[in-house]
Amino acid sequence: MIMNKKEALNKVDIQTPIKDIIAYYQPIVAFENQRIIGYEALARKVIEEKIQAPIEWLPQILSENNGSERLTKHMLELVLDKMSQVSDDKYISINFETEDIDNANLDQIIQRFEAEKLSHRLVIEITERGELFNYPPEAIQKLKEHNFRLAFDDFGSGAARFLSLIDFQPNVIKLDKVVIDRINESAVQSIIKALSEWCISKGIKILAEGIEEQSQIGHCINAGISYGQGYYFGQPAEL
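Residues numbered from 1 in each chain as written. Predicted model: local features only at pLDDT ≥ 70, side-chain atom pairs only at ≥ 80, totals over all residues. Heavy atoms only, no water.

Details of the overall build of the protein chain
Next up, step 1: Counting its secondary structure elements, the protein chain contains nine helices and nine strands.
Next up, step 2: Burial status across the protein chain gives 49% buried among its 239 residues. (Helix = DSSP H or I, 4+ residues; strand = E, 2+ residues; numbered from the N terminus. Buried < 20%, exposed > 50% of the residue type's maximum accessible area, 1.4 Å probe, protein only.)

Description of unusual backbone geometry
Next up, step 1: In this structure, Asn-147 takes a positive phi of about 75° despite not being glycine.
Next up, step 2: Take Asn-147: it is sitting in the loop between helix H5 (137-145) and strand S6 (149-155).
Next up, step 3: In this model, Asp-154 sits at a positive phi of 60°, which is unusual for a non-glycine residue.
Next up, step 4: As for its placement among the helices and strands, Asp-154 is situated in strand S6.

Describing helix H4 (residues 107-115)
Next up, step 1: Of the positions making up H4, those classed as buried are Ile-109, Ile-110 and Phe-113. Summarising the axial view, the buried residues of H4 lie within an arc of 105°, below the 170-degree limit, and thus occupy one face. Residues Gln-108 and Ala-115 are exposed on H4 and point more than 90 degrees away from its buried face.
Next up, step 2: Within two residues after H4, Lys-117 carries a phi angle of roughly 55°, on the positive side. (Arc of directions from axis to C-beta.)

Some remarks on the confidence of the model for the protein chain
Next up, step 1: When pLDDT is averaged across the protein chain, the result is 87; 88% of the residues are at 70 or more.
Next up, step 2: Ranking the elements of the protein chain by mean pLDDT puts helix H1 (residues 5-10) last with 46 and strand S9 (residues 227-228) first with 97.
Next up, step 3: Scored below 50 in pLDDT, residues 1-6 shows 10 contacts in the model against residues more than four places distant or in partner chains. (pLDDT = per-residue confidence, 0-100. Contact = heavy atoms within 4.5 Å.)

Describing the packing of aromatic side chains
The way to describe two aromatic rings as a pair is by their centre distance and the angle between their planes.
Next up, step 1: For the structure shown, the criterion picks out three aromatic pairs.
Next up, step 2: Taking 6.3 Å as the distance between ring centres and 80° as the angle between the ring planes, the aromatic pair formed by Phe-113 and Phe-148 counts as edge-to-face. Of this pair, Phe-113 sits in helix H4 while Phe-148 sits in the loop between H5 and S6, and the two are 35 residues apart along the sequence. An identical accessibility class is assigned to Phe-113 and Phe-148; each is buried. (Phe/Tyr/Trp six-rings, centres within 6.5 Å; stacked < 30°, edge-to-face > 60°.)

Details of helix H3 (residues 67-82)
Next up, step 1: With 16 residues, H3 should reach 22 Å at 1.5 Å per residue; the first-to-last C-alpha distance of 23 Å fits that figure.
Next up, step 2: Judged by how many residues are buried, H3 sits mostly within the fold: 12 of 16 residues are covered.
Next up, step 3: Those residues of H3 that sit buried are Gly-67, Ser-68, Glu-69, Arg-70, Leu-71, Thr-72, His-74, Met-75, Leu-76, Val-79, Leu-80 and Lys-82.
Next up, step 4: Buried residues belonging to H3 abut strand S1 (21-30), strand S2 (35-47), helix H2 (58-63), strand S4 (91-96), H4 and strand S5 (122-126). (Expected span 1.5 Å × (residues − 1).)

Some thoughts on the environment of Gln-189
Next up, step 1: Within the element layout of this structure, Gln-189 appears in helix H8 (residues 186-202).
Next up, step 2: For Gln-189, a relative accessible area of 15% gives the class buried.
Next up, step 3: Each C-alpha atom of the pair Gln-189 and Ala-223 lies 5.2 Å from the other, and the pair is 34 residues apart in sequence.
Next up, step 4: Setting aside anything within four residues of it in sequence, one finds Gln-189 in contact with Ile-183, Asn-184, His-219, Asn-222 and Ala-223.
Next up, step 5: A polar atom in the side chain of Gln-189 sits 3.2 Å from the side chain of His-219. (Polar contact = N/O pair within 3.5 Å; in protein donor to acceptor, adjacent residues only side chain to side chain.)

Here it is in structure tokens:
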């Protein structure tokens, strides 16, 4: 795991308990027939039976020494336990911080997915936070060799992701809600359509995040997007 000096100094030497963090699952849908093809596992903290907004606790955990590793390992364990309740034709995706990509401490839980022949049903979503350029292509390739599929999350919210798309070629890119909120604009559709054509040539799927209205689905289809998730299809909830 690569971390620059500033990041290392910013890490806090405390550990927030994670036993009260659970996974909620938001459906991912194919636009063509609105069939659920998978779910995104989202971390939710429950205190006294009330769901706490991620902004209230997630930044603290990510600022802690080994905080991202602990949270990711916990979420992987929750997802692994949940796989048996989800039909074989559906996948579950989970967020990885960039610092989780090359973390040997996660190897044991990753190997459990392989041992139970579930690797192909796990999609690793690499978040926008952090710099992918700090990581060698071999680190990404190692995850692919485990038979996991890779997704770039929040695509379109930062310029650096475009170069990473060329260098690492994930299986999926998830267009950020800030893009989908403007999907009705012809100029935005033109750019996405060009991106879609390139992605199709590379075998990369495009998924739209933050779908809230039916009209957005038509605009997404016109722009070459096949999949989506958002409150229109369902809010995150327990399975």
